[in-house]
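Descriptive structure summary
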Amino acid sequence: EWSTMHRWNNTVVPYFILTGFTDAEDIQLVLFVLFLLIYLVTVLGNAGMIMVIRLDTQLHTPMYFFLSHLSFIDLSNSSVFTPKTIENLLTSNKISYMNCFTQMYFFIFLTGTECFLLSSMAYDRYVAICNPLHYPVVMSTRRCWSLVFGSFVIGFMDSLGSVLSVTKLYFCNSNVIHHFFCDLSPILALSCTVTQDTELMIFILAGSTLMVSLITLSVSYVSILSTIMKINSASGKRKAFSTFASHMLVVTIFYGTLIFTYLKPRKSYSLGNDQVASVFYTIVTPMLNPLIYSLRNKEVKNAVLRLLQKNAEDIQLVLFVLFLLIYLVTVLGNAGMITVIRLDSHLHSPMYFFLSHLSFIDLSYSTVITPKTVENLLISNKKIPYVNCFTQIHLSFIDLSYSNVITPKTIGNLLTSNKKISYVNCFTQMYFFIFFGGAECFLLSSMAYDRYVAICNPLHYPIVMSSRRCSSLVFGSYVVGFIDSLVNEICMSRLKFCNSNVIHHFFCDSSPILALSCTETKGTEVMIFIFALSTLMVSLITISVSYMSILSTILKINSTSGKKKAFSTCASHMLAVTIFYGTMIFTYLKPSKSYSLGKDQVASVFYTIVTPMLNPLIYSLHNKEVKNAVLRLLQKSDVSRHLK
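The shown structure was predicted, so the numbers you read here are calculated from the model rather than taken from an experiment.

A few points about the sheet that holds strand S1 (residues 15–18)
- Read across the sheet, three strands follow the order S2-S1-S3 without closing on themselves; strand pairing throughout is mixed. Looking at strand neighbours, the two that pair on one side only are strand S2 (94–96) and strand S3 (176–177), the edges of this open sheet.
- Taken together, the two bridges between S1 and S3 define a ladder with parallel strand orientation. Residue pairing in the sheet places Ile 17 in a bridge with Val 176 of S3.
- Along the sheet face, helix H4 (residues 97–130) touches S1, S2 and S3 and points at about 85° away from the line of S2.

Here it is in structure tokens:
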């Protein structure tokens, strides 16, 4: 039995432990949110690119055929690492021997395939520019399939040879992999047997793959540049160069990090440098590729527009499901946070008192907009009466509260055939949106002040942050939100709307409504800008001064553990502030002339729908006090159930 086990895995190590990036919980939280967002963009970007190329017949050309397979490889490559990396930031870092080698196999397989697929794409551009008359014949369907199939075969051979070589090694000492995934270099470092032959085999396979693909790329691009230089007109040169500029950028990023990491002896292995390079080509590059190939590609943009026009109803259905799921998570997360804080006496402290009100505002904020937005996605008439909006928002405020102002209306508009919103309803939606937005600004400032007192003046904390002081700060936040929204409403109500009644947005926001006015809006814009700026600046100054004092105090702490503990108490709040204020400043602290429908809608979706969902996750995922409170409540419910 012992010899059989050794023939199978040659190891007495049952599993490996991935050290990841850091043990600091505050940094792990930031990395979790960052990698999660990158992975979501990667999935959406690459899956979207594949779908657009498949559905639009005008993109059924060799170049886009290769690009669809590149997107597939990027999507697969990212999925091999990122979900496990994200999981390890929250849970145990263990990975079984079999899973580790499976991850390594697919990584080498997909990377080798991508090397030769990029070479095939370079060859395609060479034929298109240097031999345009023969392009349809040379780059036939059969030739394209052969090149793609050959790329996958080479990737398979590379991965099989490398993994078989590594499986011959013994791992009888440490099982700690100093990396965030099962890569060759850190695994070779764990072997308790001689690895020279294995290293040589891997180096030959990796070196030959890189060199053959790089030579193909270099020859193709030298020929292309030579041909471009012979073109007389400047416009002709620009057009020819633009056809492969995106590919050159992708090749540079991909091969640069790959060569830096692997074409060097093991003795020069550096954990920090290799981790940064590995993050770039395993997590970041798959996200960048669809952006590089689409942002300045008119053919892809036109294809997307054609698909949007043809499949408007299907896209609305997808958005309906997406927004509905986000809203449900928002309601469950924020309502759950409020419930846990209210029921668990261990959380009856100023920090969690403010956090419960933040959850209340996020819940209300989302409910004001999202349900109506979802409703509008499935109906043909998007009008909204003035009075109904006011009543709806008021009821949402009573039932829940910032998510509740936006989300239900958004979802409702996705399902019904009536997208009307009355004048009163529209202005009411805008009122509560600004009310909760202003209140959240000053509530975040109050939370920053609370952290300042806790870290900089811990002995005076119970006296300074008394129940009366906390209630006053929360009440003051709501008062500021009320004044902001009231002034905005009065200024907007003086405008006349006598032309178009179509709001180019998914909710009643100030900028698109100002654009509809048939009267002079300069005075209104100035007044709104002053109040918005003063609200943002006063709250930002409070937050900035608080955190400068906090950082100054933390730096004076001698012990590293003390610094980590102090920093961890405000890391979640700093992340929430960055996300909230970043999108708010981008959207509102600019004149209406710079209003852009696409950019402002994306930013608005983020802070009205996505941020209220993220906040309870940010404040709870790495918060031991909240986790323990949830466990205590679950244990109490179990005990009471058994007693019954």
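On we go from here.
Regarding the side chain of Ser 359
- Within the secondary structure, Ser 359 is located in helix H13 (residues 350–376).
- In this structure, Ser 359 is in contact with Asn 334, Met 337 and Ile 338, ignoring residues within four places of it in sequence.

Regarding the nonpolar core
- Ranked by internal contacts, the top residues of the largest apolar core, which has 152 residues, are Phe 16, Phe 101, Val 166, Phe 171, Leu 444 and Tyr 581.
- Ranked by the residues each element gives to this core, the list is headed by helix H16 (residues 423–456), at 18 residues.
- Ignoring sequence-local partners within four residues, the contact set of Val 166 consists of Phe 101, Met 104, Phe 171, Leu 184, Ile 187, Thr 198 and Ile 202.

Thoughts on the packing of aromatic side chains
- This structure, assessed with the given rule, holds 27 aromatic pairs.
- Arranged with centres 5.3 Å apart and planes meeting at 15°, the rings of Tyr 365 and Phe 433 form a pair that is stacked.
- When its relative accessible area of 3% is taken as the criterion, Phe 433 is described as buried.

Considerations on helix H20 (residues 522–555)
- Compared with the 50 Å implied by 1.5 Å per residue over 34 residues, the 47 Å span of H20 between its first and last C-alpha is a close match.
- All buried positions along H20 are accounted for by Thr 524, Ile 528, Thr 535, Leu 536, Ser 539, Leu 540, Ile 543, Ser 546, Tyr 547, Ile 550 and Ile 554.

Some remarks on the packing of H4 against helix H6 (residues 141–167)
- Packing of H4 against H6 brings their axes to within 7 Å, and their N-to-C directions diverge by 145°. For the pair H4 and H6, the sense of crossing is right-handed.
- Class assignment for the residues of the contact of H4 with H6 results in 17 nonpolar, eight polar and two charged.

A look at the pattern of salt bridges
- Counted by the stated rule, this structure contains five salt bridges.
- Across the salt bridge formed by Arg 125 and Asp 124, the nearest N and O atoms sit 2.9 Å from each other.
- A salt bridge links Asp 450 to Arg 451, with the shortest nitrogen-to-oxygen separation between them at 2.8 Å.

Details of the state of the cysteines
- Per the counting criterion, the structure on display carries two disulfides.
- Here Cys 100 pairs with Cys 182 through a disulfide, and the sulfurs are 2.0 Å apart. Its torsion about the S-S bond being -125°, the disulfide of Cys 100 and Cys 182 is classed as left-handed. Highlighted residues: Cys 100 in helix H4 and Cys 182 in the loop between S3 and helix H7 (184–188), separated in sequence by 82 residues. No difference in accessibility class separates Cys 100 from Cys 182, as the two residues are buried.
- Each sulfur of the disulfide joining Cys 426 and Cys 508 lies 2.1 Å from the other. What sets the handedness of the Cys 426 and Cys 508 disulfide is the S-S torsion sign, and at about -125° it is left-handed. Placement of the pair is Cys 426 in helix H16 and Cys 508 in the loop between helix H18 (467–493) and helix H19 (510–514), with a sequence separation of 82 residues.
- Here Cys 426 falls in the buried class, since its relative accessible area comes to 6%.
- Judged by its relative accessible area of 2%, Cys 508 falls in the buried class.

A look at the pairing of S1
- By the alternation rule, side chains of S1 split into Phe 16 and Leu 18, which are all buried, and Tyr 15 and Ile 17, of which none is buried.
- Pairing analysis gives three bridges linking S1 to S2, with the strands arranged antiparallel. Looking at S2, one finds that Ile 17 is bridged to Lys 94.

Cut-off values and rules
Residues numbered from 1 in each chain as written. Predicted model: local features only at pLDDT ≥ 70, side-chain atom pairs only at ≥ 80, totals over all residues. Heavy atoms only, no water. Pairing = 2+ DSSP bridges. Helix = DSSP H or I, 4+ residues; strand = E, 2+ residues; numbered from the N terminus. Contact = heavy atoms within 4.5 Å. Axes fitted to C-alpha atoms, helices over the stretch in contact; angles between N-to-C directions. Core = buried A, V, L, I, M, F, W, Y, C linked by side-chain atoms within 4.5 Å. Buried < 20%, exposed > 50% of the residue type's maximum accessible area, 1.4 Å probe, protein only. Phe/Tyr/Trp six-rings, centres within 6.5 Å; stacked < 30°, edge-to-face > 60°. Expected span 1.5 Å × (residues − 1). Left-handed = near helix turned anticlockwise from the far one by under 90°. Nonpolar A, V, L, I, M, F, W, Y, C, P; charged D, E, K, R; others polar. Salt bridge = Lys/Arg side-chain N within 4 Å of Asp/Glu carboxyl O. Disulfide = S-S within 2.5 Å.

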